[in-house]
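Each chain, written out:
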Amino acid sequence: MDDPREGYYGGIEPGYRSPYTPPEDQLTLMVKRCDLNNELFLHACLLPSLCIIMVLSFFERRQKIFSFEDRFPCLRGRFGVVVPLDFTGSLRNRWSYAFAVGAAAPQMIDLFSGSIIPIKVPRWLITLVYLVAAFEVALANLPFFACLSTTHRAVGGALGLLYTLAWLIVAVWKGRCIHASCDESNFIGNVMCYQWLMSWPYFLCLGFLLVRFGFMLAKDVHNRLKKNATQVEEDEVVQSHQYRYVQTLLRRPPVRSLEKSWFQRRVYDWDPCFKFPNRMIATTIISLIGLYLLISSEQVLISWFSNWIYAQLQGPSVWTEHLDYATYTWYVTTALAALSSAAHVGHVLVCYRKHIKRLWAGKKSFLPEKYHTANSALSVAAFLRYPGWQIAFTLWGYMMMHLALFVFGMVFVYLVVIPIWKQGFFTWLIDVTIFLANFFIVLALLKLQVLLVRTFFLQDKLSPRDRQKPLALNNRKAFHNFNYYFFFYNVILGLGSCLLRLVSSVFVSLLLVSRINRTIMPKGFELLDKGYRTWIGMIMADHYHNNPVMVCFCHLLLRRTVERQTAVSAYSRLNNASGSPLEVRVRARWLLLYTLLRNPQLILLRKREKRNNNQEQLAVVWATMQTQQADAAAAVQPTDPSLLV
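In this text, all values refer to a predicted model and were calculated from it rather than measured experimentally.

Peer 1: Outline the overall build of the chain, listing residues and values.
Peer 2: A tally of regular secondary structure across the chain gives 21 helices and 0 strands. Among the 645 residues that make up the chain, the fraction classed as buried is 31%. Restricting to contacts in the chain with at least 6 residues of sequence separation, those with at least 24 account for 73%. By element, 66% of the accessible surface of the chain is carried by carbon and sulfur atoms, the whole surface being about 43300 Å².

Following this line, the structure appears as C-alpha cells:
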C-alpha cells in the first residue's frame, strides 16, 4: 500500500488522517474477533481444575482413618490432601516444576500489571481483590503442579496431558487470531503484530509439560505391562548430594587441591555435593521469563511511540535529531540493563549456595548479630514470601536501573558524544582538561597528604619484613602545624566528598535493588530492608530443614526403626492377617472369644467399662466360679506315686 506521505520526514497531504489513531469500528472488530480474554479463560478453567483435584485427591491415601468410613470400604482412607509443590526440600521434577511456573508466567505478569480484576469493589478494597485474583490464578494453574507431584503417575500423566493440551489449543487459537488481526496502522494492531514475540516462552513451557506428561503416562504403562506396578522412587538421601556431602566431611581433606579452570575461578564452579532446590530454580526461571516479557513489551511500546512522534513532527528538524539521540540511547541502555539484571539473577543463585554452605559449616559471621538466632515464625513467613518478592524485586530493579542508565546515557551523549562530533576530539579534550583540572589538583592534594604522612610523620618499621610502618607518630611538632594549615582546606574537600558519596550511594543502591541477598542499608539499619530480612529468613529456614548432616542422621534413625518394626512384626500372627478391615476385626474378636473361653481367669484382668454393669458382674461371678472349680478339681486329683520317688 502506497504511503500518502512524501517521505519519512516529508509533509503530509491536507485532510490526511494519521494512521496512529485507529477507527472505532476496526477496534471493535478486533475485539469481537478475539473475544476470549485471559480473565474469561481463567474463570472457565476453575471447574476442570477442581474436578482434576478431586480425582487426584480420591487416589491419595490418608493415614488417619475415621470410624464411619468402615461403612464404605471402597472410600476408606480416600480423598487425601493433594500437595501441588514442595518448596522446602524436594529435589524431584525440579525442571518440570520450573516450566510449570513458566506456563503460569503470563497470568503472573497480568497480576503484576493489575489486568485481572475478578470483581468490582471500591478502591479501598483493591488489595483484597488482588488477593482473590492471586487465588484464582493459583487454582487455575494447580493441575500442572498436582499432576507432577502425585505418586500415581498414570493418572497424573493422563489428566495433566489433557489439561495441558486444552491450554495449548486455546493458546494456539488465540495466537493465530491475534496474528490475523495484525495492523501496523494503529496502536493495538501494532501490538498484535508483535504478540508472537512475547508468546513463544509460553508455548515452549506448555510444549515441555505436554511432552513430560506424555512421558510419565507412557513410562507408567510400560512398567505395568512388565508387571512392575510398584514404581521404586529414588532414595532422596542415600543416593543424593547430601550423602556425598556427609562423606566428604568424614574423609581426610586432600593434600593438594585440583587446579580450576578460568571459568570455574571467575564464573561458576559446579559442586557435585550441592543441588539447588526447586524453589530457587522455579524463581530463576520465572524471573528470566518476566524480564523477557517486560523488555519485549517495553520495546514494542517505545518503537510505536517513536514512530508516532516522527509522524507528528512532519519533517526533519532539531527535535528529530534529539529524538534520534534518545532512541539510540534507550536501545543501548536496554541491552545493558537486561544483561545486568540477568547477571544478577544468576548471581543470586551463586550467593545462595555460598551462604547455605557457610551455614552448614556453622559460620554465621556474614549475618548481622541480631540474626544469628533465627526467629521461627518470621523465618517461615520469609520462606513463603521469598519467591514472589525475588521476582518482583527483579522486575522493579530492571526498570529502575534502566531509567538510571538512560539518564546517565543522555548526559554522556550531550557532554561527550555531541561535542566530539561537532567540535572535534582535541577541542573537546582541551575543554575537559580545563574543566577537570581542579578535580585533578584535588586528587593530587589528597595523595600528597598520604605521601607526606607516610614519609615524615610515621616512625620507621620495627622489622624490615613489615609491610608498612607502625601506627605511631613521628615529628609531632611538624605534624601539628601540618594539621592546622590543612584543616581549613579539608573543609572544602569535605563538601565535594559529600556530594561524591551521595552520588555513589545512589548509584550502588539502584544497582543493588534486584539483589535481595544484599542490603542497601548501612550497618545497624538492616531491619529497614524488608527484602534482605526475607532473604535471611529464607536461608535460615532452609538451613534448619535441609542440613545434610541432620537429614542423613534422621534418615538412619528412621531406617533403623523400620528394620526393628519389621523384625518384631515377623513373629506376630495378627500383623500378618490379610483381608478387608471388617475381616481383620472379625478375626480379632473370634480369637479374643476363644482365648477367654479357654482361660476364664483372664476376664478378671480385662479393662472394665462403666456401661453394662450387670453383664460385667455376671461375667466376673462366672469367671470366679470357673476358677474355683478348676482349683478344687486340681486338689481332688490323686497324687502320682512316681513323683514321690
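So much for the structure itself; the text now carries on.
Peer 1: A description of the side chain of Arg-212 should follow, citing residues and the corresponding values.
Peer 2: Along the chain, the position of Arg-212 falls in helix α8 (residues 195-225). A polar contact of 3.3 Å, which involves the side chain of Arg-212, links it to the side chain of Ser-96. Not counting residues within four places of it along the chain, the set of residues in contact with Arg-212 comprises Asn-93, Ser-96, Leu-148 and Arg-153.

Peer 1: Which residues make up empty space enclosed by the protein, and what values do they have?
Peer 2: All told, the structure shown has 3 cavities of 30 Å³ or more when counted by the stated rule. Of the voids in this model, the largest cavity is the one considered here, and its volume is about 140 Å³. Only α9 (241-250), α12 (318-360) and α17 (530-546) provide two or more residues apiece to the lining of the largest cavity. Top element by residues in the lining of the largest cavity is α12. It accounts for 3 residues.

Peer 1: Got a sec to walk through the layout of surface pockets? Specific residues and values, please.
Peer 2: Summary: where empty space remains is shown by rolling a probe the size of a single water molecule over the atoms. Size it by volume and the second largest pocket reaches roughly 1400 Å³. Elements supplying a minimum of two residues to the lining of the second largest pocket: α4 (105-113), α5 (126-149), α11 (278-313), α13 (376-423) and α17. Per-element accounting of the lining of the second largest pocket gives the leading share, 10 residues, to α13. Residue composition of the lining of the second largest pocket, grouped by class: 30 nonpolar, 7 polar and 3 charged.

Peer 1: I'd like a rundown of the packing of aromatic side chains, residues and numbers included.
Peer 2: Tallied over the full model, the rule gives 26 aromatic pairs. Taking 6.2 Å as the distance between ring centres and 10 degrees as the angle between the ring planes, the aromatic pair formed by Trp-389 and Phe-393 counts as stacked. You can see Trp-389 and its partner Phe-393 sitting in helix α13, 4 residues apart, about one turn around the helix. The partly exposed category is assigned to Trp-389, whose relative accessible area is 29%. What makes Phe-393 partly exposed here is its relative accessible area of 25%. Aromatic pair Phe-482 and Phe-486: ring centres 4.6 Å apart, planes at 40 degrees, arrangement tilted. With Phe-482 and Phe-486 both in helix α16 (residues 476-511) and 4 residues apart, this pair spans about one turn of that helix.

Peer 1: An account of the side chain of Ser-57 is requested, with residue identities and associated values reported.
Peer 2: In this structure, Ser-57 sits in helix α2 (residues 38-59). The exposure class of Ser-57 is buried, given its relative accessible area of 9%.

Peer 1: Please provide a residue-by-residue account of unusual backbone geometry, values included.
Peer 2: The phi dihedral of Asn-475 is positive, around 55 degrees, even though this residue is not glycine. You can see Asn-475 is positioned in the loop between α15 (437-456) and α16.

Peer 1: Run through the pattern of salt bridges, naming residues and quoting values.
Peer 2: What the rule picks out here adds up to 2 salt bridges. Of the charged contacts, one joins Asp-542 and Arg-279 as a salt bridge, the two residues approaching to 2.5 Å between their closest N and O atoms. With Asp-542 in helix α17 and Arg-279 in helix α11, this residue pair connects regions lying 263 residues apart in the sequence. Side by side, Asp-542 and Arg-279 carry an identical accessibility label, which is buried.

Thresholds applied
Residues numbered from 1 in each chain as written. Predicted model: local features only at pLDDT ≥ 70, side-chain atom pairs only at ≥ 80, totals over all residues. Heavy atoms only, no water. Helix = DSSP H or I, 4+ residues; strand = E, 2+ residues; numbered from the N terminus. Buried < 20%, exposed > 50% of the residue type's maximum accessible area, 1.4 Å probe, protein only. Contact = heavy atoms within 4.5 Å. Areas by Shrake-Rupley, 256 points an atom, 1.4 Å probe, with all protein chains shown as cover. Polar contact = N/O pair within 3.5 Å; in protein donor to acceptor, adjacent residues only side chain to side chain. 1 Å grid on protein atoms, 1.4 Å probe; cavity = no way out; pocket = protein on both sides within 12 Å on 5 of 7 lines; lining within 4 Å. Points joined across faces, edges and corners; volume = space filled by probe spheres on them. Nonpolar A, V, L, I, M, F, W, Y, C, P; charged D, E, K, R; others polar. Phe/Tyr/Trp six-rings, centres within 6.5 Å; stacked < 30°, edge-to-face > 60°. Salt bridge = Lys/Arg side-chain N within 4 Å of Asp/Glu carboxyl O.

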